[in-house]
Amino acid sequence: MARLEELAINGGPKAKKHPYGVGPKHLVAELKAVKKILERGAIQFARGPEVMELREKLCKLYGAKHCITTSSGTAAIHTALGALGIGRGDEVVTSSWSDMGTYIAILQQNAVPVLADVDPFSGNMTPESVEKRITRHTKAILVVHLEGNPCDMAKIMKIARKRKLLVVEDLAQSYLCEYNGKKCGTFGTFGCFSVNDSKHIGAGDGGMLITNNARLADRADLFADKCYDRTGRKRDPFLVGYNYRMNLMAAGVALEQMKNLKRLCARRHRLGEKLTKLISGLPAVTPHKVLPKAHCTYWHYAFHVDPGAIKVSMAEFVKAMRAEGVSASPMSRLVPQWPIFRDKVRSPHACAWSCPLYKGKVDYSLKNFPGLQTLAAGGFRMGLNEHWTDRDVVEVAKGIRKVALHYAK
Ligand SMILES: Cc1ncc(COP(=O)(O)O)c(C=O)c1O
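Described in the following lines is the structure provided in the data block. (Residues numbered from 1 in each chain as written. Predicted model: local features only at pLDDT ≥ 70, side-chain atom pairs only at ≥ 80, totals over all residues.)

### Re the site of the ligand
Contacts to the ligand come from 14 residues, most closely from G73, T74, D99, G101 and S194. When residues of the shell around the ligand are traced back to their parent elements, those giving at least two are α3 (73-83) and α4 (100-107). Of the residues contributing to the shell around the ligand, the split by class is two nonpolar, ten polar and two charged. (Near = placed C-beta within 6 Å. Helix = DSSP H or I, 4+ residues; strand = E, 2+ residues; numbered from the N terminus. Nonpolar A, V, L, I, M, F, W, Y, C, P; charged D, E, K, R; others polar.)

What follows is the structure in structure tokens.
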């Protein structure tokens, strides 16, 4: 067997010899777009030209009939659930590994989030667990496509059809990902996006949602704009809407960012797939799991290290990776144990669970989440992005390989 190269942590040469490729998130064109808005003398607060153009562009990109813009991704999901009339007494099945925005959207409607277990090698909610969690109180499945990686939409849509459930897709982390050649975001009634600045495209903050249903699009538009009718139909407010309007300057920035979206998603896809190839077959390490029919656009690159297959503690493994120049953060969040779920009765949103209209019972005990526990024990994610070079991928793979080969049992 070839002799292993000394680990950097033990004084050997570092695998990552060159600095990571970097680049700006925002470009001069965006500055010009914002300047143009300001030069008009007033920032229109609703339905300004940039907002309307952004809506049109996203519709075109996704082949959707309607788009509504919002102030955040959280607001986009909340708007979708609000437009669908999900509320008190209802359960919404969603992922046990997501951002607070996913859960807030459900809780703001006083509906109960029911958490599905995840695949430890992708972090995506599994159809098997979704099906298990469905009760007679379930109204909708809120699908979270994590890290640019599609969930198993064939199975999830089959379950939804069989159980007559609504489907909303949370794509905050997942622009232009596809399942079986179909864009995620077009499977459910609504597809919801975020342009918070950490996402594939960013405008500081903002959100968008798409649908093909004209009635629901109208409702969503009202829900996100204090139920003010700006269509000329002269309807007085008839539902509780929120001020979730997208700021015009954010729209101007998002429009420019959209111009690069296809290119950067294609690049992230290529780099992510390359990394998978380079770290496949290593002992103890499972690369980012992407389903055979899925196209992943890698918001992050995730991988899993089996704690039972290494000779050292996970902390030592991470330290050794860092020394090689591979910085990966653990995916150790245990959402069902977050105080908002664990102490649900005491939480300010207790009304979701204690509402007299709610006749169900939801169990957030960790024993119901074996996949999530495996993910928390050994899952990592890295900030792979379009500025990385092929050399970055090769060096990162080398670092992971070195550490895995040294510490594998
Ligand atoms: C999966 C997921 N859903 C929802 C959100 C909420 O988006 P925003 O921060 O724009 O409200 C995020 C943002 O981090 C997210 O990652």
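Right, picking up where we left off after that structure.
### Section: the packing of helix α2 (residues 49-62) against helix α8 (residues 248-258)
At their nearest, the axes of α2 and α8 sit 8 Å apart, and the two run at 35° to each other. Crossing of α2 over α8 shows left-handed handedness. When α2 is examined against α8, the residues E50, V51, E53, L54 and K57 are found in contact with a partner set consisting of L248, A251, G252, A254, L255 and M258. Looking at side-chain class alone, the contact of α2 with α8 contains seven nonpolar, one polar and three charged residues. (Axes fitted to C-alpha atoms, helices over the stretch in contact; angles between N-to-C directions. Left-handed = near helix turned anticlockwise from the far one by under 90°. Contact = placed C-beta atoms within 7 Å.)

### Focus: helix α10 (residues 314-324)
Every buried residue of α10 is accounted for by F317, A320, M321, A323 and E324. Along α10, the residues classed as buried sweep out an arc of 160° about the axis, all on the same side. Positive phi appears at G325, one or two residues downstream of α10, with a value of about 100°. (Buried ≥ 20, exposed ≤ 12 C-beta atoms within 10 Å, placed from the backbone. Arc of directions from axis to C-beta.)

### A few points about the nonpolar core
Core analysis: the biggest nonpolar cluster contains 119 residues, and A80, V168, C192, L209, A220, A254 and I400 have the highest contact counts within it. The residues touching V168, leaving out its near neighbours within four places in the chain, are I77, A80, L81, A140, L142, G188, T189, F190 and C192. (Core = buried A, V, L, I, M, F, W, Y, C linked by C-beta atoms within 7 Å.)

### Focus: the sheet that holds strand β11 (residues 294-295)
One key point about sheets: their strands pair by backbone hydrogen bonds, in either a parallel or an antiparallel sense. If you trace the three strands from one edge of the open sheet to the other, you get β7-β6-β11, paired in antiparallel fashion. Strand pairing shows two members of the sheet lacking a second neighbour, β7 (182-183) and β11, which therefore form its edges. As paired strands, strand β6 (residues 178-179) and β7 are joined by two bridges and run antiparallel to one another. Paired with Y179 across the strands is K182, a residue of β7. (Pairing = 2+ DSSP bridges.)

### A word on α2
Because an α-helix packs 3.6 residues into every turn, residues spaced three or four apart end up facing the same way. With 14 residues, α2 should cover 20 Å at 1.5 Å per step; its first-to-last C-alpha distance of 20 Å lies within 8% of that length. When α2 is considered as a whole, its buried residues turn out to be E50, V51, L54, R55, L58 and Y62. Take α2 and look down its axis: the buried residues cluster within an arc of 140°, on one side only. In this structure, α2 carries E56 and K60 as exposed residues pointing more than 90 degrees from its buried face. At its buried positions, α2 is contacted by α1 (28-39), β1 (66-70), β7, β8 (190-194), β9 (207-211) and α8. Downstream of α2 by one or two residues, G63 has phi in the positive range, about 65°. (Expected span 1.5 Å × (residues − 1).)

### So, unusual backbone geometry
Negative phi values dominate among residues other than glycine, just as trans dominates among peptide bonds. Not every positive phi belongs to a glycine, and K226 is a case in point at roughly 55°. A positive phi is found at Y298, a non-glycine position, where the angle reads about 35°. When you line up the elements, Y298 lands in the loop between β11 and β12 (301-305). Judged by C-beta crowding, with 30 C-beta atoms within 10 Å, Y298 ranks as buried.

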